[in-house]
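What follows is each chain in one-letter form.
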Amino acid sequence: MHRLDEPHVQAGEVRLELTPSRPTLLLIYLGYRGEWVSREALAALFWPNSPEEEARHNLRVVQHRAKALPWAEGLEVERERVRLLMDTDTAHFRQALGQAHWEHAVRLHRQPFLQGFPLQDAPTLEDWAAIERESLLEA
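Here is what the cut-offs are and how they apply
- Residues numbered from 1 in each chain as written.
- Predicted model: local features only at pLDDT ≥ 70, side-chain atom pairs only at ≥ 80, totals over all residues.
- Heavy atoms only, no water.
- Core = buried A, V, L, I, M, F, W, Y, C linked by side-chain atoms within 4.5 Å.
- Buried < 20%, exposed > 50% of the residue type's maximum accessible area, 1.4 Å probe, protein only.
- Helix = DSSP H or I, 4+ residues; strand = E, 2+ residues; numbered from the N terminus.
- Contact = heavy atoms within 4.5 Å.
- Axes fitted to C-alpha atoms, helices over the stretch in contact; angles between N-to-C directions.
- Parallel < 35°, antiparallel > 145°, perpendicular 65-115°, else oblique.
- Left-handed = near helix turned anticlockwise from the far one by under 90°.
- Nonpolar A, V, L, I, M, F, W, Y, C, P; charged D, E, K, R; others polar.
- Arc of directions from axis to C-beta.

1. So, the nonpolar core
Part 1: Judged by nonpolar contacts, the single largest core of 40 residues is most densely connected at L26, L30, L42, F46, F113 and W128.
Part 2: Secondary-structure elements contributing two or more residues to this core are α1 (22–33), α2 (39–46), α3 (52–67), β5 (81–84), α4 (89–98), α5 (102–108) and α6 (123–138).
Part 3: Filtering out sequence-adjacent residues up to four positions away, L26 remains in contact with L42, F46, L59, V62, Q63 and A66.

In structure tokens form, the structure reads like this:
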């Protein structure tokens, strides 16, 4: 998954552009985290102003829709947590920095993290993306 460029997924020779939707945003977030995230945390992040039961229902619907995306094969769903295992440019970027491969890191960071990608009127996601964008730029 590429988020330090025009947001897209590279599946072999095929480039799939990421279209703004809640399922896509869920996978973007999970792919960035690369670890298990509680359903409770995801519901609060995506629907912070909704009652907990409604937010968890919305999350189930979005997860179901996300599973149908052609690039969601690494999505793992358990009763209380979710994760997406996939190769990402942000992970490669951080790895290049950690190994002092500066030229490679610069090549990977083509534009700021998710710059210009609509976050579906989700203020908490916008806040998260802004913090991560700043962190990656500082790195």
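2. Considering the packing of α1 against α2
Part 1: Following both chains from N to C, one finds α1 and α2 inclined at 125°, their axes separated by 12 Å at the closest point. Relative to α2, the element α1 is oriented oblique. In terms of crossing hand, the pair formed by α1 and α2 is right-handed. In this structure, α1 contributes R22, L25, L26, Y29 and L30 to the contact, and α2 contributes L42, L45 and F46.
Part 2: Looking at the contact of α1 with α2 residue by residue, the classes come out as seven nonpolar, no polar and one charged.

3. Topic: unusual backbone geometry
Most peptide bonds are trans, and most residues other than glycine sit at a negative phi.
Part 1: The phi dihedral of A100 falls on the positive side, at around 60°, and the residue is not glycine.
Part 2: Position of A100 among the secondary structure elements: in the loop between α4 and α5.
Part 3: Even without a glycine there, the phi angle at L114 is positive, about 50°.
Part 4: Checked against the element boundaries, L114 lands in the loop between α5 and α6.

4. Focus: α2
Part 1: What α2 keeps buried is the set R39, L42, A43, L45 and F46. Down the axis of α2, the buried side of the element spans an arc of 165°, and every buried residue falls inside it.
Part 2: Packed against the buried residues of α2 are α1, β3 (37–38), α3, β4 (75–77), β5 and α6.

Distances and angles like these do not, on their own, reveal function.
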